[in-house]
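Examination of the molecular architecture
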Amino acid sequence: MAQVILKSVTKRYVGNPEETVKETNLEIADREFMILVGPSGCGKSTTLRMIAGLEEVTSGQIYIGDRLVNDVHPKDRDIAMVFQNYALYPHMTVFENLAFGLTLRDVQRTEIDRRVADVSVILGLKELLERKPKALSGGQRQRVALGRAIVREPKVFLMDEPLSNLDAKLRVQMRAEINKLHQRLNTTVISVTHDQTEAMTMGDRITVLHGGYVQQCDTPQAVYDRPANKFVAGFIGSPSMNFATCRVKAGVLEASGMNLHLPKPRLNKLMNCEGLEVDLGFRPEHVYAKTACPVGVNADSSISATIDVVEPMGSENYVYFKVGDGTFIARMPPSVFVKYGASMDIVIDTAKVHLFERPSGRSIPLD
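Predicted model, so just to flag it, every value in this text is computed and none were measured.

Turning next to the overall build of the chain. The helix and strand tally for the chain stands at nine helices and 20 strands. Out of the 367 residues belonging to the chain, those deemed buried represent 49%. Taking all contacts inside the chain whose residues are at least 6 apart in sequence as the whole, residues at least 24 apart take part in 67%. For the chain, the accessible surface area stands at approximately 17700 Å², while carbon and sulfur atoms represent 49% of it. Taken together, the 44 basic and 43 acidic charged side chains of the chain have centroids lying 3 Å from each other.

Moving on, we get to the environment of Glu 357. Its location among the elements puts Glu 357 in the segment after strand E20 (354–356). You can call Glu 357 partly exposed: its relative accessible area is 30%. The sequence separation of Glu 357 and Lys 230 amounts to 127 residues, and the corresponding C-alpha distance is 8.6 Å. Residues within four places of Glu 357 in sequence aside, it is in contact with Arg 362 and Ile 364. Among the polar contacts made by the side chain of Glu 357, one reaches the side chain of Ser 360 at a distance of 3.1 Å.

Take Asp 349: it is sitting in the loop between strand E19 (343–348) and E20. On a C-alpha basis, the gap between Asp 349 and His 286 in space is 5.5 Å, while along the polypeptide they are 63 residues apart. Contacts of Asp 349, omitting those with residues within four sequence positions, involve His 286, Tyr 288 and Val 297. A distance of 3.1 Å separates the side chain of Asp 349 from the backbone nitrogen of Ala 351, its partner in a polar contact.

This part covers the sheet that holds E19. Ordered in space as E15-E19-E16-E17-E18, the five strands form an open sheet in which the pairing is antiparallel. Of all strands in the sheet, those with a lone pairing partner are strand E15 (287–289) and strand E18 (326–332), marking the two edges. On average, each strand axis in the sheet is tilted by 50° relative to the strand beside it, whichever way the strands run.

This part covers the pattern of salt bridges. In total, this model carries 22 salt bridges according to the counting rule given. Taking the shortest distance from any N to any O, the salt bridge between Arg 205 and Glu 32 comes out at 2.4 Å. Here Arg 205 is found in strand E9 (residues 205–210), whereas its partner Glu 32 is found in the loop between strand E2 (21–28) and strand E3 (33–37), with 173 residues between them in sequence. According to the relative accessible area criterion, Arg 205 is partly exposed, its value standing at 22%. Linking Lys 249 and Glu 254 is a salt bridge whose minimum nitrogen-to-oxygen distance equals 3.8 Å. Each of the salt bridges in this network shares a partner with another, and the network as a whole consists of Glu 111, Arg 114, Arg 115, Asp 118 and Glu 153.

Two modes of strand pairing occur in sheets, parallel and antiparallel, and in both the strands are linked by backbone hydrogen bonds. Taking strand neighbours across the sheet as the criterion, the five strands line up as E13-E12-E11-E14-E20 in an open arrangement whose pairing is antiparallel. Looking at strand neighbours, the two that pair on one side only are strand E13 (258–261) and E20, the edges of this open sheet. Here the average twist between neighbouring strands, direction ignored, is 40°. Where strand E11 (residues 242–249) and strand E12 (residues 252–255) come together, three bridges link them in antiparallel fashion. Each residue of the ladder has a partner; that of Lys 249, found in E12, is Val 252.

Okay, unusual backbone geometry next. Each neighbour pair has its own omega, and for Ser 238 with Pro 239 the value is -5°, a cis peptide bond. Secondary-structure assignment places Pro 239 in the loop between helix H8 (230–235) and E11. That bond from Arg 358 to Pro 359 is cis: its omega, 0°, falls within 30 degrees of zero. Here Pro 359 is to be found in the segment after E20. In this model, Arg 31 sits at a positive phi of 70°, which is unusual for a non-glycine residue. As for its position among the elements, Arg 31 is in the loop between E2 and E3. For Arg 31, a relative accessible area of 42% gives the class partly exposed. With a phi angle near 50°, Glu 153 is a residue other than glycine that sits in the positive phi range. Inspection of the secondary structure puts Glu 153 in the loop between helix H4 (138–150) and strand E7 (156–160).

Parameters at a glance
Residues numbered from 1 in each chain as written. Predicted model: local features only at pLDDT ≥ 70, side-chain atom pairs only at ≥ 80, totals over all residues. Heavy atoms only, no water. Helix = DSSP H or I, 4+ residues; strand = E, 2+ residues; numbered from the N terminus. Buried < 20%, exposed > 50% of the residue type's maximum accessible area, 1.4 Å probe, protein only. Contact = heavy atoms within 4.5 Å. Areas by Shrake-Rupley, 256 points an atom, 1.4 Å probe, with all protein chains shown as cover. Lys, Arg positive; Asp, Glu negative; His and termini not counted. Charge placed at Lys NZ, Arg CZ, Asp CG, Glu CD. Polar contact = N/O pair within 3.5 Å; in protein donor to acceptor, adjacent residues only side chain to side chain. Pairing = 2+ DSSP bridges. Axes fitted to C-alpha atoms, helices over the stretch in contact; angles between N-to-C directions. Salt bridge = Lys/Arg side-chain N within 4 Å of Asp/Glu carboxyl O.

Okay, here's the thing in structure tokens:
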């Protein structure tokens, strides 16, 4: 297997003055599962295609292992790619689709049979080898596409939104299968997605891209708990983080009808922000009804809110509420009685709030 290194990689298309990918530096460790995540147009698929050799690098270097591959043909990079649309040959059986890449490389028939047999067992395709793609479900087609990559035994697996064509239930199932597959094969995987849930559940690390730049690269939990900037904070998490403009006055955060008192250790970090406008961010799961506030959360300074919308989700409710001129969202258990248009005293866990500089959006460290 191999590490993948991008050094100052950029991509600019002819006729477009703006770079699609802007000076990207990234190191994917050997046997790591790296997720590239971001909104449409952020440069994640272009980055993946440059690693694969399907797009030329405008500037910078890409290494696979110790080998500079900028001028190496895709078929000679020892990578395998799984595409969004499966890219199966409709006139071939599952066996023939799995074996096709090996046949092109003149691998001996006995070795082809062995590899296909091994992969079909791993992916649960043993009973489907004689079927053609049209006779398969979406999940089965996706497993064939994965199997075609696995049989080649490449140094690096590249996956371009491999689950986007599946329904919600199948996506959950395939996420688990791909995770198990990575642990079993112990190989380097780089996958692209715009779905932050996939990023959080599948990757050893995630790289968040926006506007062609790498915004943050870290473990999923670190990105969630300590976002580098306002964009990352709002993109990672579902429902997304609440934001409000606030001002720091005598150690109190004044925002949209809210006065929030930070714990003293966090307050000491704000001495340089006195009188400044900053952006306050707090996650929906850190908002509580005062009557159901958990132990350890300071409920002394509650906020009067008006309930706007309630979305029952079964195990929890998404509660949209208004405070001042802002509308925010909370995740609350069904045991908390919520009524449209009613007033409710809520508590925001100030030990978990985030602050961001204006206008740069950079996170202000509080811990």
